[in-house]
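Reading the structure
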Amino acid sequence: MLKSHLAAQLLNLLAAGLLLISFAMLSRRRTQRLITLFAWQGSILFLSTCLVAYDASLTELYYSAALTLIMKVITLPWILHRLMRRLGAQWDSEPLVNIPATMLVGLVLVIFAFGLAEPISMLATTITRHTIGIALAVILLSFLMMITRRKAVTVVIGFLAMENGLFFAATSATYGMPMVIELGIALDLLVAVFILGIFFFQIHEQFDSLDLHHLETLRED
Amino acid sequence: MSVYSWTSIITAFSGTNLSSLLLLVAVWPVLGFAGLLRPRSVRFVARLLFPLGALVCVGVLLKAGAFLASECVPQEIVLPLGLANLPFHFRLDALSGFFLLLLGLAGAGISTFAAGYFRAGEGTSPGLLGLQYHIFLASMAVVILAGDAYLFMVAWEMMALSSYFLVTSQHRIPEIRRAGFLYLLMAHLGAICILLSFGAMQGGSWQFTFDAMRGTSLTPFWATAAFTLALLGFGAKAGLVPLHVWLPEAHPAAPSPVSAMMSGLMLKTAIYAMLRITFDLLHVQFWQWGVAVLALGLFSALFGAVFAAVQTDMKRLLAYSSIENIGLIFTGIGLAILFEASNLRLFAALALTAALIHALNHSLFKSLLFLSTGTVLHATKQRSLGKLGGLIRSMPWVAVLALIGTLSIAGLPPLNGFVSEWLLLQSFLFTAQIPHTFINMLVPLGAAALALTVALAAYVMVKFYGVIFLGQPREPSLAHAHDANWLERIGLMWLAAGCVAIGILPQFALRAAAAVTGALLGQTIAPNASIWQIAPIAPEQASYSGLIFLAGIVAVVGVAFVAVRLLAHGRIRRTPAWDCGYPWQNSRMQDTAEGFGQPIRHMFGAFFRMERDLPSPYDSEPRYRIHIEDRFWRGIYRPLARAVQRSADAMSVLQGGRLSIYLLFSFLTLIVLLVFIL
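The structure displayed is predicted, hence computed values, not measured ones.

Scanning chain A from N- to C-terminus turns up seven helices and zero strands. Taken from N to C terminus, the helices and strands of chain A fall in the order α-α-α-α-α-α-α. By the compact-globule yardstick of 17 Å for 221 residues, chain A fits well, its C-alpha radius of gyration being 18 Å. Across its three principal directions, the C-alpha atoms of chain A cover 60 × 35 × 30 Å. Across the 221 residues of chain A, 38% fall into the buried class. For chain A, contacts bridging at least 24 residues in sequence account for 75% of all contacts bridging at least 6.

Right, let's talk about the overall build of chain B for a bit. Scanning chain B from terminus to terminus reveals 24 helices and four strands. Taking 26 Å as the expected radius of gyration for a compact globule of 678 residues, we find that chain B reaches 26 Å, a close match to that expectation. Within the span of chain B, comprising 678 residues, buried residues form 50% of the whole. For chain B, contacts bridging at least 24 residues in sequence account for 79% of all contacts bridging at least 6.

Residues and elements named next belong to chain B. Domain assignment breaks chain B into domain 1 (6-206 + 218-524) and domain 2 (605-677). Contacts between domain 1 and domain 2 engage five residues on the former and seven residues on the latter. When its residues are assigned to classes, the side of domain 1 that touches domain 2 shows five nonpolar, no polar and no charged.

Taken together, the contact between chain A and chain B spans 11 residues of the former and 10 residues of the latter. Contributions of two or more residues to the side of chain A that touches chain B are made by helix H4 (99-123) and helix H5 (132-148) of chain A. Of the residues belonging to the side of chain A that touches chain B, the class tally is eight nonpolar, one polar and two charged.

Core analysis: the largest hydrophobic core is formed by 220 residues, its most contacted members being Phe 98, Leu 103, Met 140, Ala 141, Ala 351, Leu 368 and Ile 468 of chain B. The biggest single contributor to this core is helix H14 (residues 345-380) of chain B, with 20 residues. For Ala 141 of chain B, the residues in contact, after removing those within four places along its chain, are Val 25, Val 60, Leu 100 and Leu 103 of chain B. Membership of the second largest hydrophobic core comes to 57 residues, among which are Ala 53, Ile 132, Ile 134 and Ala 173 of chain A.

With that settled, the discussion passes to the environment of Arg 276 of chain B. Residue and element names in this part refer to chain B. Counting through the fold element by element, Arg 276 comes out in helix H11 (residues 256-281). Judged by C-beta crowding, with 23 C-beta atoms within 10 Å, Arg 276 ranks as buried. Separated by 20 residues in sequence, Arg 276 and Leu 296 place their C-alpha atoms 19 Å apart. Arg 276 has contacts with Leu 95 and Leu 281, leaving out every residue within four places of it along the chain.

On the secondary structure map, Ile 147 of chain A appears in helix H5. With 65 residues separating them along the chain, Ile 147 of chain A and Leu 212 of chain A place their C-alpha atoms 11 Å apart. Here Ile 147 of chain A is in contact with Ser 660, Leu 663, Leu 664 and Phe 667 of chain B, once residues within four sequence places are set aside.

A few words now on the environment of Thr 375 of chain B. Residues and elements named next belong to chain B. Considering the arrangement of structural elements, one finds Thr 375 in helix H14. Through-space distance from the C-alpha of Thr 375 to that of Phe 113 is 9.7 Å; in sequence the pair is 262 residues apart. Those residues in contact with Thr 375, other than ones at most four positions away along the chain, are Met 395, Val 398, Ala 484 and Glu 488.

The subject of this paragraph is the pairing of strand E1 (residues 75-83) of chain B. All names here are of chain B. Sheet analysis places E1 next to strand E2 (residues 86-92), joined by six bridges and oriented antiparallel. Paired with Val 78 across the two strands is His 89, which belongs to E2. Hairpin connection, E1 to E2: the antiparallel pair is bridged by two residues, and Asn 85 has positive phi, about 60°.

A cis amide bond, omega 5°, links Val 241 of chain B with the succeeding residue Pro 242 of chain B. Positionally, Pro 242 of chain B belongs in the loop between helix H9 (220-238) and helix H10 (247-253). The phi angle at Ser 57 of chain A is positive, at roughly 50°, despite the residue not being glycine. Tracing the sequence through the fold places Ser 57 of chain A in the loop between helix H2 (31-56) and helix H3 (59-87). Look at Ser 57 of chain A and you get exposed, because 7 C-beta atoms sit within 10 Å.

This brings us to the confidence of the model for chain B. Summarising the model, chain B shows a mean pLDDT of 88, and 96% of its residues fall at 70 or more. Listed scores for the predicted complex are pTM 0.80 and ipTM 0.84.

What follows deals with helix H17 (residues 416-429) of chain B. Since the α-helix packs 3.6 residues into each turn, any two residues three or four apart lie on the same face. Taking 1.5 Å of rise per residue, 14 residues should cover 20 Å, and H17 of chain B covers 21 Å from first to last C-alpha, within 8% of that figure. Every buried residue belonging to H17 of chain B is among Asn 416, Gly 417, Phe 418, Val 419, Ser 420, Glu 421, Trp 422, Leu 423, Leu 424, Gln 426, Ser 427 and Phe 428 of chain B, and all of these are buried.

Here we come to H3 of chain A. Residues and elements named next belong to chain A. Look at H3: 41 Å from first C-alpha to last across 29 residues, which is about the 42 Å you get at 1.5 Å a residue. When the local axis directions of H3 are compared, the greatest deviation, roughly 30°, occurs at Thr 75, which is followed within four positions by the proline Pro 77. Buried residues of H3: Leu 61, Ser 64, Ala 65, Thr 68, Met 71, Lys 72, Leu 76, Pro 77, Leu 80 and Leu 83, and no others. For H3, the elements touching its buried residues are H2, helix H6 (152-174) and helix H7 (179-207).

For the rest of this paragraph, the subject is the packing of H2 of chain A against H6 of chain A. Residue and element names in this part refer to chain A. At a minimum axis distance of 11 Å, the contact between H2 and H6 shows a crossing angle of 10°. Considered as vectors, H2 and H6 are oriented roughly parallel to each other. On the side of H2, the interface is formed by Thr 31, Leu 34, Ile 35, Phe 38, Gln 41, Gly 42, Leu 45, Thr 49 and Val 52, while H6 contributes Val 153, Thr 154, Ile 157, Leu 160, Ala 161, Asn 164, Phe 167, Phe 168 and Thr 171. Grouping the constituent residues of the contact of H2 with H6 by class yields 11 nonpolar, seven polar and no charged.

Conventions and cut-offs
- Every residue gets a number counted from 1 within its own chain, in the order that chain's sequence is written.
- Chain letters start at A and ligand numbers start at 1, both assigned in the order the entries are written.
- The predicted nature of this model means local features are confined to residues of pLDDT at least 70 and side-chain atom pairs, given and counted, to a pLDDT of 80 or more, with totals for whole chains, interfaces and linings taken over all residues.
- In DSSP terms, a helix is any run of H or I states spanning at least four residues, a strand is any run of E spanning at least two, and both are numbered starting from the N terminus.
- We compute the radius of gyration from the C-alpha atoms alone; for a globule the expected value is 2.2 Å times N to the 0.38, where N is the number of residues.
- Neighbour counting defines burial: a residue surrounded by 20 or more other C-beta atoms within 10 Å of its own C-beta is buried, one with 12 or fewer is exposed, and intermediate counts give partly exposed, using backbone-placed C-beta atoms.
- Residue pairs are scored as contacts if the distance between their C-beta atoms, which are placed from the backbone, is within 7 Å.
- Either an automatic procedure or a domain database provided the assignment from which the domain bounds are taken.
- For this scheme, ten residues count as nonpolar: Ala, Val, Leu, Ile, Met, Phe, Trp, Tyr, Cys and Pro. Four count as charged, namely Asp, Glu, Lys and Arg, and the remainder, Gly too, count as polar.
- We define a nonpolar core as a collection of buried residues of the types Ala, Val, Leu, Ile, Met, Phe, Trp, Tyr and Cys that are connected via C-beta atoms lying within 7 Å of each other.
- Think of it this way: DSSP has to see at least two bridges between two strands before they count as a pair.
- As a per-residue measure, pLDDT reflects the predictor's confidence and takes values from 0 up to 100.
- A helix is expected to span 1.5 Å multiplied by its residue count minus one.
- What the bend at a residue measures is the angle between two axes, fitted to the seven residues ending there and to the seven starting there.
- To get an axis, fit a line to the C-alpha atoms, keeping to the stretch in contact for a helix; angles then go from 0 to 180 degrees between the N-to-C directions.
- Geometric relationships in this document are graded by angle, where less than 35 degrees denotes roughly parallel, more than 145 denotes roughly antiparallel, 65 to 115 denotes roughly perpendicular, and other angles denote oblique.

Right, here's the structure in full:
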């Protein structure tokens, strides 16, 4: 009981960290900082998954924690960093309009997510059930980040962060998804990043910039 | 699928007509795919596989004939194909037997002709064409044999798609692509209507077998809804005005055997389905349905005949003539519904027999004529009537066989067109017994319209035959046109023989139709058909004997021939016809296709939208151009297309091009859905 209690406290702490990072991502201008934040988010996810695995004594969750570590903390940030260097965009920063307003919208979303998670937490039996609200909030905040950004790379980071939120939601609601599905998602992510990387090159070559507003000219009238 | 059901299937396949028919039908796709082994070889595909397909047609013909000659007890087979819990039901009864007979009879002729027709270097490679062709044939057979709505729709769509690819086989020509698109569009609109009609017909039971639909009792509203949707859907496929617009575009675009298949066979599947739904599944409930079908049918017939009279492209002319004939068939169906709903079973059987036999006849003579245009096209590379003429000398075989088709379609005895048109007029004579005064007053008008249509059709055929085969060649190259090759001749002869046989001995066709009317209405006409004559209601009222007619014609011609040879000098002399004392006649002085249609264009001016360029009297190179357009294009289709375009433009505001806006859409959707869960 004590072990569980301590674990639950720790888990809440980690979840809070996750939410904080999401907010930090919303307000960061520099793309490289965002990648670092994304890596941090992944490592928190790794820690929390390990914690849940330890507490619930589920060996499978250790595997998915390891997968998280390899994919989201090491491989993907490394690929993204490399991409930025190759594209000569590592010092890129983008103008963000009205950070306070974005933050306020984010706050509303967090409240909304908590309201939404309330009935689900009632049903869940896991020790992690209180964090479902946070997981949903992370998903919505990442989505918001995708909407407010204009650079291709940052949109992709938002997309990856959203997947982090989904993963966190899965561990907190049901102790993770079946292994097959997790492996599949991991592979999907890797492939998606590769393909998007190719798109980056194409966009960069075409418009000499990674700004997405150039794509508006592609519209057929 | 358990072992038990497989064994039951195998035992079911051992003997019945239906199982052997299904096996025969399955040979077609096999032949089609065999063509892919050597797709470029005309010799392999056309000279070997197509004749085999024709043999299968003959097999289907014999099997269907044997079934119709027997007691016509419906047979059913359930095959565990398709989706889980939704097996394919096949059903063979008198109605499907009759249409299979039609498919086999005309299909055999067309396939044999096609074996001689396809050459290398004309659009799609022969192997692919053979695949599409045989899939088309097989899907038509499956449409006719389908015993549930699901299989019916699958086969129906397959038929539409395979025929689309056949139509666009020369897809490098933009007009053909456009015609194909129009055809596909109309086919899909029709399919949606048919799907909805089946949805209305299941009546809340969610059972889609025809057996279940036969058993459900629908409220008048739903029954009428199902009927209306079916009329729209099958009308679009059959080419009923105003859903006919694809027909004059698609038929000329397709290679001639395909035009023959589409006009001769595919339009008949729509007739089949209409009969199946109206008489078998919905059990004819209201006489108003009959009035609607009758009015649409008569209008289509008149419209088709008038438009055919002013065409200058020989295949377009035949396409409009198809609209006319489909109109006649629908007229018969409308009368049958009217009689049946008024409890006049015998007359309903008469009208239905007329419709069925006309369908059979049309499949024969229209295929024959389309195939003849194919040989003319190959021999002369011309489709425009203005550049043909005098081909009777260079293409005697085709000319004689096409003449038989022309006389049949014009409704002259002793050929088959006369039989069905005579039966149709006969059934109009009994409309006085319908217990609705208003209808009673209007129907004679319909009879008059029918007579006018039939006369116009004869006029059209005189134009068709006269301009192509008679007179002098309008182009010098026509003198060297080559005749049909022997496979083509066999195909044409088969169809022409069918025309003659049904005309002289209509008893067999009547008996086949009687099996259908017996199954659908419980009533047959002419219970005691003798070999000498047919008398649909009573011999003292009206009877027809093809044999006596033939004997009379042979006797008159023989006597005249003998008299001329014996009494006159007997020498054969070739001279120009009566030249009014002006001996220097050339081909420019002949009546043209435009000239022939001109009186009709004037009399029925209200039907057309015309644009004319008249040359000035001082023009040294005068050119006369006339463009005739369907009023339905401007009346219905253009406004409809514009409305669709406008609404699409309005929707395209959503496509702003900004990624964040798109993301916002999905974000808002997500939030709204989450709120709903909350």
